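Reading the structure
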Amino acid sequence: MFFWKTITHIFFREIRPRGAYNIPRDGPVIFVGAPHNNQFLDPLLLGLEVYKETKRRVRFLAAAKSMRRKAVGFFARLMDSIPVERAADSAKPATGRVYLSETDPCRVIGIGTKFTTEFTPKMQIMLPKTVGAPSSEVVEIISDTEIRVKKEFGGERGTAKIRAALEELEKQGTKGFEFKRLPFVDQQIMYREVYRCLKESGSVGIFPEGGSHDRTDLLPLKAGVAIMALGAMANTPGLQVKVQPVGLSYFHAHRFRSRAVVEFGTAIDVPMELVEEFKQGDAQKHAAIGKMMTLVYDALKTVTVRAPDYDTLMLIQAVRRLYKTPGEHLTLGQVVELNRRLLEGYLHFKDEPRLQKCRENVMKYNRLLRDLGLRDHQVPKAQRANWKVLGLLAYRLILLAVWGVLALPGTVLNGPIFILASVISHKKAKEALAASEVKIAGKDVLATWKILVALGVAPLLYGFWAFLATWLAVRVGAPLKWRVATPFIVCMALPFMSYAALKFGEAGMDVMKSLPPLVVSLMPGQQRALVKLKNMREELSNEVTDIINDFGPKLYSDFDKRRILAPSSAPPPSSEPGLWRRKGGKGVQDAPGYGLMHPMTWIDERLFGWSTSSKHGTSAFFGFSGRSRNSSKNEA
């Protein structure tokens, strides 16, 4: 566990648990995670947080196809994963084209198909990616050109989408879809292993969407989690299984040094009445599974942020930034919760004229930000050009140079790892996208392959540097003891140099991101655009706050009690902090600083009259300010 913890804390800049007190300390538990946006890292983060809080080890279900791969399979076996054969992994193109009967959506009509030779009952038909790649089980093969499936493709909504797509194809002179055939897979071996684990009061982890993806909403949930929970209790009288919903929220999931929140919802006790229904088999069994899946889905909705599309997600994130009170720093958990509430409110009231107008204004504001090369959090701090701005720019350029020089040795030594990880991960993303029916860009596999490549290349690279250093020691005629010690010294020093480069480089990147508003302030002709942008932001912030205040109570009966932020877009009153301690917007003092953090902050805020552009990164070694530390420490 220490090894995996080290890996995740190197890749991620910050990982925050939320609601960890909800994790059951004993008894059989099924951890249900969603969305599955970060292939190998999703189970890693979930399992580590559970272990940190309860010392319980979670056995995850993993695709058998992935476990057969050398790299992924090796690490999956280290985590004692349970292999799952997926029909979609063995999908093959079928002959001909298909469309739905006009009178019965469960009746599939073929054109040039060979249903009698290519299909058997319990196999599945999968429609193309253009309609969401829905699949359905075959229950009856009527002829070579007619087949009946168990249920509608994607439900009523899916049927409507498929019919619309078929009509569009007919207008283009094409009738029907190309399709794939999926084999029947017997999962009894997997279920028996799960039942055994739960019977022994163990923990099982599952991502019910199936494979990983990079969509903004959840994929249709597979029924496996319900069968596991109900089946375990049906097979073992007296067993009480709990289902724990877990939401994983990433801020740029595939990027190195990004942030993540692991949120644990309230655990569900599997109802005994559903277990009794499940035991009766046939229709009652399917009804019990359906009811259990409804419970699971409703529980996941409380811990996930589910946007219908990327544009809506970007809109919600922009609104959240505008609603944030200047001077107040939110924890990652609060950011996720606020995104969730704003998204729910927007989807509920999106047809309201005020919301539509606000959406247009926010999009216009975002375009102006892009044109000026600024970020939203930099706008309130932007000032008119004066000697202080020029001095601060010069100071930060010097600071950037200092951090760059300190980070340079480790960056050069680890450069081959960064290059290979980027090249190989993007290649794997393209392969995953080509093989998937649900991925959009294949970004869900990038982080996994970056870590796998780094784990494989780093030992070889460090061995090469140790060999090179030893060769140089021999060439220059160093004493024997130094020739012998050189490879050990290099191998021990390189990890520390790499970590130092990581932290110094991180601080330098934060400084570099703070430069655009200074440059814009000093550019001739940009003053008017900057003033316009600041005024527009203030108006938008007030507009967003007013809309939330007006519509929030209509959606949430306890809106005023549970709101996250004070209903104001005005900056908090200033205070008189001391040299080494600053007061936040709520009067809470920051923790004492470390290293070079506070001298830099003091120069920024006292000499130049600016606040630091980024609340993270003024400290090279700790990566966050005291305010962030205080506001986040009780999140779990």
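Worth saying up front: this structure is predicted, and the values here are computed from it rather than measured. (Residues numbered from 1 in each chain as written. Predicted model: local features only at pLDDT ≥ 70, side-chain atom pairs only at ≥ 80, totals over all residues. Heavy atoms only, no water.)

1. Topic: the side chain of E49
Stated formally: Starting at the N terminus, helices and strands are each numbered in turn, a helix being any DSSP run of H or I of at least four residues and a strand any DSSP run of E of at least two. In this description, contact between two residues means that some pair of their heavy atoms is separated by no more than 4.5 Å.
As for its position among the elements, E49 is in helix α2 (residues 41-54). Dropping the residues within four chain positions of it, E49 is found in contact with I15, P17, V262 and F264.

2. Examining the pattern of salt bridges
Heads up, the condition is: For this document, the term salt bridge refers to a Lys or Arg side-chain nitrogen within 4 Å of an Asp or Glu carboxyl oxygen. Whether a residue is buried, partly exposed or exposed follows from its accessible area with a 1.4 Å probe, protein chains only, as a fraction of its type maximum: under 20%, in between, or over 50%, in that order.
Counted according to the given criterion, the structure contains 31 salt bridges. Among the ionic pairs, R18 bridges to E337, the shortest N-O distance being 3.5 Å. Of this pair, R18 sits in strand β1 (residues 12-18) while E337 sits in helix α12 (residues 332-349), and the two are 319 residues apart along the sequence. E337 gets classed as buried once you look at its relative accessible area, which sits at 8%. Here R340 and E263 are joined by a salt bridge, their closest N and O atoms 2.7 Å apart. With R340 in helix α12 and E263 in strand β14 (residues 258-264), the pair connects residues that are 77 residues apart, well separated along the chain. E263 carries the same exposure label as R340, and that label is buried.

3. Here we look at the confidence of the model for the protein
In plain terms, the rule: The predictor reports its confidence for every residue as pLDDT, a score running from 0 up to 100.
In this model, the protein carries a mean pLDDT of 82, and residues with pLDDT of at least 70 account for 87%. Mean pLDDT in the protein bottoms out at helix α21 (residues 626-632), which sits at 39, and peaks at strand β2 (residues 29-34), which reaches 95. Contacts from residues 566-603, a stretch scored under 50 in pLDDT, to residues over four places away or in other chains number 69 contacts. Every residue in residues 605-636 scores below 50 in pLDDT, and together they form 108 contacts with partners more than four places removed in sequence or on other chains.

4. Looking at the sheet that holds strand β10 (residues 146-149)
Worth spelling out the cut-off: By the convention used here, strands pair only if DSSP detects at least 2 bridges between them.
Spatial ordering of the open sheet is given by β5-β11-β8-β9-β10-β7-β6, a layout of seven strands whose pairing is antiparallel. Every other strand in the sheet has two partners, leaving β5 (92-93) and β6 (97-100) as the edge strands with one partner each. Note that strand β7 (residues 107-111) and β10 share three bridges and pair antiparallel. From the neighbouring strand, I109 faces β10, where its bridge partner is E146.

5. Brief notes about unusual backbone geometry
One can expect most non-glycine residues to show negative phi and most peptide bonds to be in trans. Each neighbour pair has its own omega, and for A34 with P35 the value is -15°, a cis peptide bond. Here P35 is to be found in the loop between β2 and α2. A positive phi angle, near 65°, is found at K55, a position not held by glycine. Tracing the chain through its elements places K55 in the loop between α2 and β3 (58-63). We classify K55 as exposed; its relative accessible area is 58%. Despite not being glycine, H252 has its phi angle at roughly 65°, a positive value. Among the structural elements, H252 can be located in the loop between β13 (242-251) and β14.

6. Observations regarding a positive patch on the surface
Put simply, the rule is: A residue counts toward a patch only above 30% relative accessible area and without a salt bridge, and it is joined to like-charged neighbours within 9 Å or, for Val, Leu, Ile, Met, Phe, Trp and Tyr, to nonpolar neighbours within 5 Å. Here, Shrake-Rupley sampling with a 1.4 Å probe gives the accessible areas, and only protein chains in the shown set may cover a residue. Positive residues here are Lys and Arg, negative ones are Asp and Glu, while His and the chain termini are left out of the count. Charged side chains are reduced to one point each, which is NZ for Lys, CZ for Arg, CG for Asp and CD for Glu.
Taken together, the side chains of R255, R375, K443 and K513 present a region of like positive charge at the surface. Topologically, R255 is positioned in the loop between β13 and β14.

7. Observations regarding helix α14 (residues 387-435)
Quick reminder of the rule: The span you would expect from a helix comes to 1.5 Å times its residue count less one. Throughout, bend refers to the angle between the axes fitted to the seven residues that end at a position and the seven residues that start at it.
Taking 1.5 Å of rise per residue, 49 residues should cover 72 Å, yet α14 covers just 57 Å from first to last C-alpha, more than 12% shy of that figure. Of all the bends in α14, the greatest, near 55°, is centred on N414, and the proline P416 appears no more than four residues after it.

8. Structural notes on the nonpolar core
General note: in soluble globular proteins, nonpolar side chains tend to be found buried as a group. What counts is decided by this rule: Among buried residues, those of type Ala, Val, Leu, Ile, Met, Phe, Trp, Tyr and Cys that are joined through side-chain atoms within 4.5 Å constitute a nonpolar core.
With 40 residues, the main nonpolar core has I30, L61, L230 and V270 as its most contacted residues. Those elements that provide at least two residues to this core are β2, β4 (82-84), α7 (188-199), β12 (203-206), α8 (224-235), α9 (272-279) and α10 (282-301). It is α8 that contributes the most residues to this core, eight residues altogether. Setting aside its immediate chain neighbours within four residues, I30 contacts L198, V204, I206, V225, M228, A229, V241, K242, V243 and Q244. Judged by nonpolar contacts, the second largest core, of 39 residues, contains L315, V336, F349 and F551.

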